[in-house]
Amino acid sequence: MTADLNFKGPRLVPFDLLAERTSSFCDVVARTQPQLLPAARGPASSADLAPTATTIVALTTADGVVMAGDRRATMGSLIAQRDIQKVFAADEFSAVGIAGSAGLAIEVVKLFRVELEHYEKIEGAPLTLDGKANRLAVLIRGNLGLALQGFVVIPLFAGWDAECGRGRIFSYDATGGCYEETGFHSVGSGSVFARGALKKLYRPDFTVSKGVQAAVQALFDAADDDSATGGPDLARQIYPVVVTVTQAGVARVGEADLAKVTNLVVASRQRRPDGPEAKLA
Amino acid sequence: MTAPMFYVSPEQQIKDRADFARAGIARGRSVVVARYRDGVLFLAENRSQSLRKVAEIYDRIGFAAVGRYSEFENLRIAGIRHADIRGYAYDRRDVGGRMLANAYAQVLGTIFSTVTEKPYEVELVVAEVGLDPAGDQLFRLSFDGSITDERDFSVMGGSAEAIAAALRETYATDLALPRALAQVAAAFGAAHGEPLGVEAAEAAVLDRTRHQARKFRRLAAAEVAAALEPPPAPKRRSRSRSRGGVGETAV
């Protein structure tokens, strides 16, 4: 039976309360007057309130690191934007990609970029790569309150570490936990599929251009199985955003090069839709 | 025991404070900020590798100072904070040199006229590089908060007069960077009676041709050395083929 909450007329004992068979007050309130519970305040689903950005992949190569993100933002089951940018240069030697609540994520990136530049200008020297990764963790931790309300922001950070002369990748959780990843990593709704693809494709001795190709392949697999991740939009010529970081600094892969790589991947998928074949043993 | 109080007229008070600040500034080594073909050049006589007189404030804004280090360092950091907050709150393009120069003028003016505080013994230049040479701006700020808009170059510090006199003779704003650097260094040399060594030169530019949004760049010692060493005897044929154009042959 449904609980009638608006009792009309003076009734000493509402009859529907007699029907409850529990000794938990919380259960009774949840069933009869859920608006009184703290959890019921605020939006039921944040997905319908703000766009969500989806899959980011990053992988280290022999001479640097590659980060790529698809271009789709979703709002519930709708596509909110087809050409959103989720991968950014953080400074001259690092890149950051963001999955999660798009508006907050872009604000976090904006703040992070100013944070790094501000430090560099005041101190006269850039932060170490670990220092940058830690600063990003603090910013994400600051978002914990909103994350609990459903507006989660999960970044992926990668950069060139001048001290050890290699590219490094850092992943995060919503509480600001920062973890270094070896080889490759992926975040966002399609990350499971992208990581699966990278497991089979990744080689530590990749050149940067091979790394770019692997990243585009992994994003294709993510888009193949996750509706919130956008595949390459050949009709509109919208390709993933790919950023490389090497000893020479950060660079966004040009539109023409990316079109070439994407077309190559799409052509190979026409022959074998599930992607490159891996050896069994 | 308390010291006896004497009446000091406001005019005398201002004059004393100004003399105090001027004396402090005159002890410092000089800095030149000059426009050149691709932006703004900063050249300072500074033997320290870490205590800088020239600094980046924002994408298109640079800062140069002479006088008491701790004081202009405070002003530099305050300027970076001011610019970064404004750029974050509005947009990066909304941060301009004039706004920053005005903020510095307010601060310096207030400190100068507060009797309980010692006046700052500093002079500053806030420089902004424009999209084209006509957009370049140099603001000179004095210890009392007075602000002037300089046209081609600005010289501060102990030998400011002598260096400015030498520059007025020779300097042209359409020079390419190596020539501009050599000209400014020569003015230092003319004022001091000996050439400015690379080890004593702190050089930086706001270079509008830089691809990055941040136009400020420090010049490496090798780049400064290449510009300061006497040029090799010119070959007739190479001159006509030089890509330097008007700027190269103007002086």
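Numbering of residues starts from 1 in every chain and runs along the sequence as written. Chains and ligands are labelled sequentially in the order written, the chains with letters from A and the ligands with numbers from 1. Reporting in this predicted model follows two pLDDT cut-offs: at least 70 for local features of residues, and 80 or more for side-chain atom pairs to be given and counted; totals over whole chains, interfaces and linings ignore these cut-offs and use all residues. Excluded from the side-chain calculation are hydrogens and water; included are all heavy atoms of the structure.

## Regarding the interface of chain B and chain A
Reports often express the size of an interface as the amount of accessible area lost when the parts come together.
Here is step 1: It only takes one pair of heavy atoms within 4.5 Å for two residues to be counted as in contact. If you look at the interface, chain B gives 14 residues, while chain A gives ten residues.
Here is step 2: When two components associate, each loses some accessible surface as probed by a 1.4 Å sphere; the sum of these losses over both components is called the buried area. Between chain B and chain A, the buried area comes to about 1200 Å², and carbon and sulfur atoms account for 48% of it.
Here is step 3: A per-residue breakdown of the area chain B buries against chain A is headed by B:D84, B:Y88 and B:R214, which together make up 53% of the total.
Here is step 4: Counted as salt bridges are all cases of a side-chain nitrogen of Lys or Arg within 4 Å of a carboxyl oxygen of Asp or Glu. Our count for the chain B to chain A interface comes out at four salt bridges.
Here is step 5: When the shortest N-O distance is used, the salt bridge between B:R214 and A:E120 registers 3.4 Å.
Here is step 6: Side-chain atoms alone can form a polar contact between residues adjacent in sequence; in general such a contact is a pair of N or O atoms within 3.5 Å, and within protein one must be able to donate a hydrogen while the other accepts it. The tally of links from chain B across to chain A stands at eight residue pairs in polar contact (both at pLDDT 80 or more).
Here is step 7: To qualify as a helix, a DSSP run of H or I must reach at least 4 residues; to qualify as a strand, a run of E must reach at least 2; elements of each kind are numbered from the N terminus. Of all elements in the fold, only strand 3 (54-58) and helix 2 (69-89) of chain B reach the threshold of two or more residues within the side of chain B that touches chain A.
Here is step 8: If one sorts the elements of the side of chain B that touches chain A by residue count, helix 2 of chain B sits on top with six residues.
Here is step 9: Polar here means any residue other than Ala, Val, Leu, Ile, Met, Phe, Trp, Tyr, Cys and Pro, which are nonpolar, and Asp, Glu, Lys and Arg, which are charged; Gly is therefore polar. In terms of residue class, the side of chain B that touches chain A is built from five nonpolar, one polar and eight charged.

## Things to note about the side chain of A:S171
All names here are of chain A.
Here is step 1: For S171, the position within the fold is in strand 9 (residues 166-172).
Here is step 2: Looking at S171, the relative accessible area reads 5%, which means it is buried.
Here is step 3: At 2.6 Å, the side chain of S171 and the side chain of E181 are in polar contact.
Here is step 4: Contact partners of S171, with chain neighbours within four places excluded, come to P155, L156, G177, C178, Y179, E181 and H185. Buried residues are those whose accessible area, probed at 1.4 Å on protein chains only, stays under 20% of the maximum for their type, while exposed residues exceed 50% and partly exposed ones sit between those limits.

## Let's talk about the packing of aromatic side chains
Here is step 1: Between rings of Phe, Tyr and Trp, where Trp is taken as its six-membered ring, a pair exists when centres lie within 6.5 Å; planes separated by under 30 degrees are stacked, by over 60 edge-to-face, and by other angles tilted. For the coordinates displayed, the defined rule picks out nine aromatic pairs over all chains.
Here is step 2: Arranged with centres 5.6 Å apart and planes meeting at 80 degrees, the rings of A:F112 and A:F157 form a pair that is edge-to-face. One end of the pair, A:F112, is in helix 3 (residues 102-123); the other, A:F157, is in strand 8 (residues 153-161), with 45 residues separating them in the sequence. A:F157 matches A:F112 in its accessibility class, with the two residues each being buried.
Here is step 3: Judged by centre distance (5.8 Å) and plane angle (50 degrees), the ring pair of B:F63 and B:Y104 falls under tilted. With B:F63 in strand 4 (residues 61-67) and B:Y104 in helix 3 (residues 97-113), this pair connects stretches of sequence that are 41 residues apart.
Here is step 4: Owing to a relative accessible area of 3%, B:Y104 belongs among the buried residues under this scheme.
Here is step 5: An aromatic cluster of three or more residues is present, and its members are A:F112, A:F157 and A:F170.
Here is step 6: For A:K110, the ring lying beneath its charged end belongs to B:Y88, and the centroid distance is 4.9 Å. Whether a charge sits over a ring comes down to the Lys NZ or Arg CZ being within 6 Å of the ring centre and within 35 degrees of the ring normal.

## Points about the confidence of the model for chain B
Residue and element names in this part refer to chain B.
Here is step 1: Confidence scores per residue from the predictor, reported as pLDDT, run from 0 to 100. Residues with a pLDDT of 70 or more make up 90% of chain B, whose mean pLDDT is 88.
Here is step 2: Confidence over residues 238-251 falls short of pLDDT 50; this stretch has 13 contacts with residues more than four positions distant or in other chains.
Here is step 3: Here the predicted complex scores 0.83 on pTM and 0.84 on ipTM.

## A look at the pairing of strand 7 (residues 147-150) of chain B
All names here are of chain B.
Here is step 1: By the bridge criterion, four bridges tie strand 6 (residues 137-141) to strand 7 in an arrangement that is antiparallel. Looking at strand 7, one finds that F139 is bridged to D149.
Here is step 2: Each pair of strands is called paired provided DSSP finds at least two bridges between the two strands. Following strand 6, the chain reverses through five residues before pairing antiparallel with strand 7; G145 in that reversal takes a positive phi of roughly 90 degrees.

## Digging into the sheet that holds strand 1 (residues 31-36) of chain B
Residues and elements named next belong to chain B.
Here is step 1: Strand order in this open sheet of five strands is 8-1-2-9-10, and the pairing throughout is antiparallel. The strands lining the two open edges of the sheet, one partner per strand, are strand 8 (153-156) and strand 10 (216-218). For this sheet the average axis-to-axis angle between neighbouring strands, irrespective of direction, equals 15 degrees.
Here is step 2: Note: strand 1 against strand 2 (residues 39-45), six bridges, orientation antiparallel. Its bridge partner being in strand 2, R35 is matched across the sheet by V40.
Here is step 3: To obtain an axis, a line is fitted to C-alpha atoms, over the contacting stretch when the element is a helix, and the angle between two such axes runs from 0 to 180 degrees between their N-to-C directions. Its contacts with the sheet put helix 5 (residues 177-192) on strand 1, strand 2, strand 9 (201-207) and strand 10, and the angle it makes with strand 2 is roughly 35 degrees.

## Quick word on the nonpolar core
Here is step 1: Nonpolar cores are built from buried Ala, Val, Leu, Ile, Met, Phe, Trp, Tyr and Cys residues. Side-chain atoms within 4.5 Å join them into one set. Residues B:L43, B:L167, B:Y171 and B:V184 are the most contacted members of the largest nonpolar core, which totals 29 residues.
Here is step 2: Every element with two or more residues in this core is listed here: strand 1, strand 2, strand 8, helix 4 (160-170), helix 5, strand 9 and helix 6 (221-228) of chain B.
Here is step 3: Ranked by residue count, the leading element in this core is helix 5 of chain B, at seven residues.
Here is step 4: Sequence-distant contacts of B:V184, defined by excluding residues within four places in its chain, comprise B:V32, B:A34, B:L41, B:L43, B:L167 and B:Y171.
Here is step 5: Counting 27 residues, the second-largest nonpolar core is a separate cluster that includes A:A218, A:L219, A:F220 and A:V266.

## As for empty space enclosed by the protein
Vacant regions in the atomic arrangement are exposed by a probe of water-molecule size rolled over the atoms.
All names here are of chain A.
Here is step 1: Here the term cavity refers to a set of points on a 1 Å grid, laid over the protein atoms alone, in which a 1.4 Å probe fits but cannot get out; the term pocket refers to an open set having protein on both sides within 12 Å along at least five of seven lines, with lining residues being those that place an atom within 4 Å of a point. Grid points are joined across faces, edges and corners, and a volume is the space filled by probe spheres set on the points. Inspection of the entire model under this criterion finds one cavity of 30 Å³ or more.
Here is step 2: What lines the largest cavity is simply A53, I84, Q85, K86, F88, I98, A102, A105 and I106.
Here is step 3: Here the lining of the largest cavity takes three residues from helix 3, the largest share from any one element.
Here is step 4: Of the residues belonging to the lining of the largest cavity, the class tally is seven nonpolar, one polar and one charged.

## What about helix 6 (residues 191-201) of chain A?
Residues and elements named next belong to chain A.
Here is step 1: Within helix 6 the residues assigned to the buried category are S191, A194, A197, L198 and L201. Within helix 6, the buried residues cover an arc of 125 degrees as seen down the axis, which keeps them to one side. Turned more than 90 degrees off the buried face of helix 6, the exposed positions are V192, K199 and K200.
Here is step 2: Those residues of helix 6 hidden inside the fold are in contact with strand 2 (56-61), strand 11 (184-187) and helix 7 (208-225). Here the arc refers to the set of directions running from the helix axis out to each C-beta atom.

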